[in-house]
Amino acid sequence: MSELGDEDSKLVTLARAVRARNGAVEGAAVRDDTGRTYAATPVVLPSLSVSAVQAAVVMAIASGARGLEAAALVTPADKIPEDDRAVVREFGGPAAPLHLLATDGTLRVSVTG
């Protein structure tokens, strides 16, 4: 996590904590345009399926956020799903980073746009 700034490192901590608390494969956290944070794990129901990143973005939108500053995804996967990149790009704009981290918090890659 040392490659990330303090605010983005907080997102990683939140994503790792929600992942552990829920016993989920992945966890995500986002910071909205006012600095509020939201953390989530995937939702998989017969009638609804959203990724951890998508769930965190939905929480931000439902709370009145108008945009995102950054997002973090903690997962054993080695690649960011395109749907997660798309939702961060759409709601956060081309400059909002999405950080992909291993389950131990090691930064794998950060992408924008």
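Criteria and cut-off values
- Residues numbered from 1 in each chain as written.
- Predicted model: local features only at pLDDT ≥ 70, side-chain atom pairs only at ≥ 80, totals over all residues.
- Heavy atoms only, no water.
- Pairing = 2+ DSSP bridges.
- Helix = DSSP H or I, 4+ residues; strand = E, 2+ residues; numbered from the N terminus.
- Axes fitted to C-alpha atoms, helices over the stretch in contact; angles between N-to-C directions.
- Contact = heavy atoms within 4.5 Å.
- Salt bridge = Lys/Arg side-chain N within 4 Å of Asp/Glu carboxyl O.
- Parallel < 35°, antiparallel > 145°, perpendicular 65-115°, else oblique.
- Left-handed = near helix turned anticlockwise from the far one by under 90°.
- Nonpolar A, V, L, I, M, F, W, Y, C, P; charged D, E, K, R; others polar.
- Buried < 20%, exposed > 50% of the residue type's maximum accessible area, 1.4 Å probe, protein only.

Focus: the sheet that holds strand β7 (residues 107–111)
For sheets, the rule is that strands pair by backbone hydrogen bonds, running either parallel or antiparallel.
Then step 1. Spatially, β2-β1-β5-β6-β7 is the arrangement adopted by the 5 strands of the open sheet, whose pairing is mixed. Single-partner strands in this sheet number two, and they are β2 (37–40) and β7. With strand direction ignored, the average angle separating the axes of adjacent strands in the sheet is 15 degrees.
Then step 2. The pairing of strand β5 (residues 68–74) with strand β6 (residues 98–101) spans 4 bridges and is classified as parallel. Its bridge partner being in β6, Ala 72 is matched across the sheet by His 99.
Then step 3. The strands touched by helix α1 (residues 6–22) are β1 (27–32), β2, β5 and β6; relative to β1, the strand with the most contacts, the crossing angle is about 140 degrees.
Then step 4. Its contacts with the sheet place helix α3 (residues 82–92) against β5, β6 and β7, and it is angled at close to 165 degrees to β5.

Describing the pattern of salt bridges
Then step 1. Counting across every chain of the model gives 5 salt bridges.
Then step 2. Arg 36 is the partner of Asp 32 in a salt bridge, and the nearest nitrogen-oxygen pair spans 2.9 Å.
Then step 3. If you follow the salt bridges from partner to partner, you end up with Asp 8, Arg 31 and Glu 69 in one network.

Some remarks on the packing of helix α2 (residues 52–62) against α3
Then step 1. It is at 9 Å that the axes of α2 and α3 come closest, and there the two elements cross at 25 degrees. The angle between the axes of α2 and α3 places the two elements in the roughly parallel class. Seen from above, α2 lies across α3 with left-handed handedness. Facing Val 53, Gln 54, Val 57 and Ile 61 of α2, the residues of α3 in contact are Asp 83, Asp 84, Val 87, Val 88 and Phe 91.
Then step 2. Residue classes in the contact of α2 with α3 are distributed as 6 nonpolar, 1 polar and 2 charged.

Concerning the pairing of β1
For a regular strand, the rule is simple: side chains alternate between the two faces of the sheet.
Then step 1. Taken across its 6 residues, β1 has 6 buried, putting it largely inside the fold.
Then step 2. Every second residue of β1 is oriented toward a common face, with Gly 27, Ala 29 and Arg 31 on one face and Ala 28, Val 30 and Asp 32 on the other, all of them buried.
Then step 3. Looking at chain direction, β1 and β2 are connected through 4 bridges and run antiparallel. Across the sheet, Arg 31 pairs through a bridge with Thr 37, a residue of β2.
Then step 4. Hairpin connection of β1 to β2: 4 residues between the antiparallel strands, including Gly 35 at a positive phi of 95 degrees.

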